[in-house]
Amino acid sequence: MARKDIPGQASLVFDVALLDLHNPKDGISIENKVVPENCERRSQSGDFLRYHYNGTLLDGTFFDSSYSRNRTFDTYIGQGYVIPGIDEGLLGVCIGEKRRIVVPPHLGYGEEGRGNIPGSAVLVFDIHVIDFHNPSDSISITSHYKPPDCSVLSKKGDYLKYHYNASLLDGTLLDSTWNLGKTYNIVLGSGQVVLGMDMGLREMCVGEKRTVIIPPHLGYGEAGVDGEVPGSAVLVFDIELLELIAGLPEGYMFVWNGEVSANLFEEIDKDGDGEVLLEEFSEYIHAQVASGKGKLAPGFDAEMIVKNMFTNQDRNGDGKVTAEEFKLKDQETKHDEL
């Protein structure tokens, strides 16, 4: 309204709607809505945090929400990746906590604002913390049950059969072998599962039940698994080990369980023509395994192991092995591989 439009000596009436107010000295305001009873750890600077939020102005005007995108907002905290008010407001939270953070403009988007956020606006964020971790975190193992005899422990190379439930820290179920009705079977240390799971299955005995918590850098990383595991998610595996088949010494795919015959080549070369073909070789090795005289590495394709063993002996690559080519891997121990 221009001053020239106002008569002299006029009394003026203004109808005012106060949208918000703040003082340049204001800090953030935090209101705890829900704090889990079990809070073993609170977030600190340098943690990577996944959270949902609704963002409004003080009068309730909506301006943004992670829920509408159906995806958490993921960020490091305490390091300037988000506005200062949120950077500060996310420190000291628990996993599963819900809090309201009121951010004055000098700790938000300032006098200029951003997008549909007006300049100098006080912001209200309703936060739900899904999970957080630190890049220095390793896995966490909690054993819930061990049988009376827990002397044989899993190690690299062992073939394991186990059940698991996989979930997020907020309890969201991702996968379950119990629901599928079959065990998950792996060779420990062979790269068949994520590194955190491989670590979590070590030194475990048959019948033991444990919970393994895996940070994303030891799980499925920032990418996650499309449609199955969110990116940067901390994973929880409840595991029960049902069977353990001892593996072979590292570097071996076949070993003898007793003394090696001094006439081994002649025994394999049944037709006595001085040449061993793959069929002869495979038949002999499988016969030794069936009789208990030899053992193949458990959990791998037996035919592929035998074929690789034969290829190692067929040094000139002509499809047959002669007595001159034939050698044991180690003549000085009983753990020989052909």
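Residues numbered from 1 in each chain as written. Predicted model: local features only at pLDDT ≥ 70, side-chain atom pairs only at ≥ 80, totals over all residues. Heavy atoms only, no water.

If you look the protein up in an unreviewed UniProt entry, it shows as peptidylprolyl isomerase from Moschus moschiferus. Annotation of the protein in UniProt includes, under Function (unreviewed entry), the sentence "PPIases accelerate the folding of proteins during protein synthesis." Here the protein is described in UniProt, under the heading Catalytic activity (unreviewed entry), as follows: "[protein]-peptidylproline (omega=180) = [protein]-peptidylproline (omega=0)". (UniProt positions renumbered as here; feature names shortened; annotations may be inferred.)

A.B. asks: How would you summarise the packing of helix H5 (residues 278-291) against helix H6 (residues 302-313) if you had to cite specific residues and measurements?
C.D. replies: The description of two packed helices rests on the angle between their axes and on the distance between the axes. For the pair H5 and H6, interaxial distance at closest approach is 10 Å and the crossing angle is 125°. The angle between H5 and H6 places the two elements in the oblique class. At the point where H5 passes H6, the crossing takes the right-handed sense. Residue-level inspection shows Leu278, Phe281, Ser282, Ile285 and His286 of H5 in contact with H6, the latter providing Ala302, Glu303, Val306, Lys307, Met309 and Phe310. (Axes fitted to C-alpha atoms, helices over the stretch in contact; angles between N-to-C directions. Helix = DSSP H or I, 4+ residues; strand = E, 2+ residues; numbered from the N terminus. Parallel < 35°, antiparallel > 145°, perpendicular 65-115°, else oblique. Left-handed = near helix turned anticlockwise from the far one by under 90°. Contact = heavy atoms within 4.5 Å.)

A.B. asks: So what's going on with the state of the cysteines? Which residues, and what values?
C.D. replies: Taken as a whole, this structure holds two disulfides when the rule is applied. What pairs with Cys39 in a disulfide is Cys94, and their sulfur atoms sit 1.9 Å apart. Since a negative S-S torsion denotes a left-handed disulfide, the Cys39-Cys94 link at about -95° is left-handed. Placement of the pair is Cys39 in the loop between strand E1 (29-34) and strand E2 (48-57) and Cys94 in the loop between helix H1 (84-89) and strand E5 (98-103), with a sequence separation of 55 residues. Residue classification places Cys39 among the partly exposed positions, given a relative accessible area of 26%. In this structure Cys94 comes out as buried when scored by relative accessible area, which is 1%. Here Cys150 engages in a disulfide with Cys205; their sulfurs sit 2.0 Å apart. Linking Cys150 and Cys205, the disulfide has an S-S dihedral of approximately -100° and is accordingly described as left-handed. Placement of the pair is Cys150 in the loop between strand E7 (140-145) and strand E8 (159-168) and Cys205 in the loop between helix H3 (195-200) and strand E11 (209-214), with a sequence separation of 55 residues. (Disulfide = S-S within 2.5 Å. Buried < 20%, exposed > 50% of the residue type's maximum accessible area, 1.4 Å probe, protein only.)

A.B. asks: Describe a nonpolar patch on the surface, listing the residues and the values that go with them.
C.D. replies: Residues Leu12, Phe14 and Val16 make up a contiguous nonpolar surface patch of about 380 Å² in total accessible area. Here Phe14 is to be found in the segment before E1. (Patch = residues over 30% accessible without salt bridge, like charges linked within 9 Å, V, L, I, M, F, W, Y side chains within 5 Å. Areas by Shrake-Rupley, 256 points an atom, 1.4 Å probe, with all protein chains shown as cover. Salt bridge = Lys/Arg side-chain N within 4 Å of Asp/Glu carboxyl O.)

A.B. asks: Now, about the nonpolar core: what can you tell me, with residues and values included?
C.D. replies: If you look at the biggest cluster of nonpolar residues, it comprises 23 residues, and the most contacted ones within it are Leu160, Tyr162, Met197, Leu201, Ile214, Phe237 and Ile239. Mapped onto this core, the elements with two or more residues apiece are E8, E11 and strand E12 (235-245). Aside from chain neighbours lying at most four places away, what touches Leu201 is Ser154, Leu160, Tyr162, Ile186, Leu188, Arg210 and Ile239. If you look at the next biggest cluster of nonpolar residues, it comprises 22 residues, including Leu49, Leu90, Val93 and Val103. (Core = buried A, V, L, I, M, F, W, Y, C linked by side-chain atoms within 4.5 Å.)

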